[in-house]
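What follows is each chain in one-letter form.
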Amino acid sequence: MRLWDGVFLAGTQLRRRRLRAFLCALSVGVGVASMMLIAGLGAAGRREVRARIDSLGLSGLSVYVSEPAVGRSLTEADAKTLPRSVAGVQQAMALKAKSGSYRATQSQGNAIFFGVTETLGDVMGIQVLYGALPNAHQVERGDRVAVIDRSFARKLYGRENIIGKRVRFAVDNDEQYYRIIGVISDQAGALGNAVGALVPSIVYVPYRCLAGAQDSADQIMVQCMAGANPAQTGARITRYLSDYAHVAGTLSVQDMGSALEQIEDAVSIATSLFLAVAAISFGVAMLGVLSGMLSAAHEKKAEIGLYMALGARRVDIARLFLLQAILLSMVGGCGGLLVGGGILIAASALTGMNLVAPVQFVLCVLALSGICGAAAGVLPAVHAAVLRPIDAMRQ
């Protein structure tokens, strides 16, 4: 029996029992659609987490004193010397953080103030939407200027572009007017969606507004050169600060890139767990295909005997049942992919998110449908092929 003839005959057999074939294909389609939906949502979730974290500007290395001791602390001068003193360091920035509050015409509340230098744009991947970041002269003079994100700008004045506006900020009980010189992409807003009002607004001000040149810095943010090993660069930084800069205490280095990877890994694990649940439903669907094909083999004993009496070989009978199982699974798999894809497209249009399952995953699921269909059809095929023609025709 030629392959095409077998496919045609298998399709004819399935059409003769439409209801059973439809239910088997439907169960396969539901399993495939659920896996596709979870894969699409998981991929979108990973992209969204990456975009949200990237908007915070967390990259490179963070150097800080984990166990303070009596003696010299990290200062702004240490950050300035790192690029020319430590191999692998492209740029560095001292960071000072303090809590405070704000008051404007429309709102008031709490905020976190970060004292930064003119290297803010080089060290942290911040997207400037309006205006500019603090320059070297503003940092050196300690000008009362500030950079906020667009969510905070909308909260203050109901619009994003508020360059030139003055806002009252209070830090250490010292309330001063600050002029807004830059609006950047969402910072606290990226985390606010997850933890709501627990995340205060973030304000970047010149470092000298919060600390003097010799005052201690909370940490030093470091941007490594392209191709530099973060672990080796971090070891050189701690060695330099301890041995040459004589910074007291225990220095620690946090690789922000590895922290981001851990968050992405957590999202991937959660997606994998949901995929495992969907795979169970797919396995149940395969059991339905197996049960349906075994039932078909039992019901078609007379027909099988007739085929064999007309010259069909046992391998032809086995191939016929295998093709029926594969066709059922492939039709159900294609239907599930179409339904799942349609739902993802509709959800993308409604939410504005890019909900698309990876192409590799779609191809793998389609191939898996065929392979599992073949596996589910092996037992019915063997059962049908071992029947004796005379006994089959008698039944």
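Note that the coordinates shown come from a computational prediction; the quantities given were computed from them, not determined experimentally. (Residues numbered from 1 in each chain as written. Predicted model: local features only at pLDDT ≥ 70, side-chain atom pairs only at ≥ 80, totals over all residues. Heavy atoms only, no water.)

Visitor: Would you mind going over the environment of Asp174 in detail, with residue names and values included?
Guide: Of note, Asp174 is situated in strand 7 (residues 174-184). You can call Asp174 partly exposed: its relative accessible area is 33%. The spatial distance from the C-alpha of Asp174 to the C-alpha of Gly100 is 9.3 Å, given a sequence separation of 74 residues. (Helix = DSSP H or I, 4+ residues; strand = E, 2+ residues; numbered from the N terminus. Buried < 20%, exposed > 50% of the residue type's maximum accessible area, 1.4 Å probe, protein only.)

Visitor: Just give me the short version of the pairing of strand 7, but keep the residues and values in it.
Guide: For a regular strand, the rule is simple: side chains alternate between the two faces of the sheet. With three bridges connecting them, strand 4 (residues 128-131) and strand 7 associate as antiparallel partners. Residue pairing across strands places Gly131 opposite Gly182, the latter belonging to strand 7. Here strand 5 (residues 145-149) pairs with strand 7 via five bridges, running parallel. Each bridged residue has a counterpart across the sheet, and for Val147 the counterpart in strand 7 is Gly182. As judged from the six bridges shared by strand 6 (residues 166-171) and strand 7, these two strands associate in the antiparallel manner. Along strand 7, the bridge assignment pairs Ala170 with Glu175. Where strand 6 hands over to strand 7, the hairpin turn is made up of two residues, of which Asp172 adopts a positive phi near 55°. (Pairing = 2+ DSSP bridges.)

Visitor: Go over the environment of Cys24 with me, naming the residues and quoting the values.
Guide: Secondary-structure assignment places Cys24 in helix 2 (residues 18-55). Taking the C-alpha atoms as reference points, Cys24 and Val331, 307 residues apart in sequence, are found 9.9 Å from one another. Setting aside anything within four residues of it in sequence, one finds Cys24 in contact with Gly288, Val289 and Leu328. (Contact = heavy atoms within 4.5 Å.)

Visitor: Please set out helix 3 (residues 76-85) residue by residue, giving values where relevant.
Guide: Within the span of helix 3, buried status applies to Glu76, Asp78, Ala79, Thr81 and Leu82. Contacts from the buried residues of helix 3 go to strand 2 (89-103), helix 5 (136-141), strand 9 (219-224) and helix 8 (230-243).

Visitor: Explain the pattern of salt bridges to me, and be specific about the residues and the numbers.
Guide: This model, assessed by the stated rule, comprises nine salt bridges. Across the salt bridge formed by Asp218 and Lys96, the nearest N and O atoms sit 3.8 Å from each other. With Asp218 in the loop between strand 8 (201-206) and strand 9 and Lys96 in strand 2, the pair connects residues that are 122 residues apart, well separated along the chain. By relative accessible area, Asp218 is classed as partly exposed at 36%. (Salt bridge = Lys/Arg side-chain N within 4 Å of Asp/Glu carboxyl O.)

Visitor: With reference to specific residues and values, describe the packing of aromatic side chains.
Guide: For the structure shown, the criterion picks out five aromatic pairs. Taken together, a centroid distance of 4.8 Å and an interplanar angle of 75° make the contact between Tyr102 and Phe152 edge-to-face. One end of the pair, Tyr102, is in strand 2; the other, Phe152, is in helix 6 (residues 150-157), and 50 residues separate them in sequence. Looking at Tyr102, the relative accessible area reads 5%, which means it is buried. In this structure Phe152 comes out as buried when scored by relative accessible area, which is 1%. (Phe/Tyr/Trp six-rings, centres within 6.5 Å; stacked < 30°, edge-to-face > 60°.)

Visitor: Tell me what's going on with the side chain of Ser329, and back it up with residues and numbers.
Guide: Tracing the sequence through the fold places Ser329 in helix 11 (residues 314-351). Residues in contact with Ser329, not counting those within four places in the same chain, are Val28, Met286, Val289, Ser369 and Gly373.

Visitor: Explain a nonpolar patch on the surface residue by residue, including any values.
Guide: Taken together, the side chains of Leu19, Phe22, Leu23, Leu26 and Val30 present a nonpolar region at the surface, about 510 Å² in accessible area. Judged by its relative accessible area of 62%, Leu19 is exposed. (Patch = residues over 30% accessible without salt bridge, like charges linked within 9 Å, V, L, I, M, F, W, Y side chains within 5 Å. Areas by Shrake-Rupley, 256 points an atom, 1.4 Å probe, with all protein chains shown as cover.)

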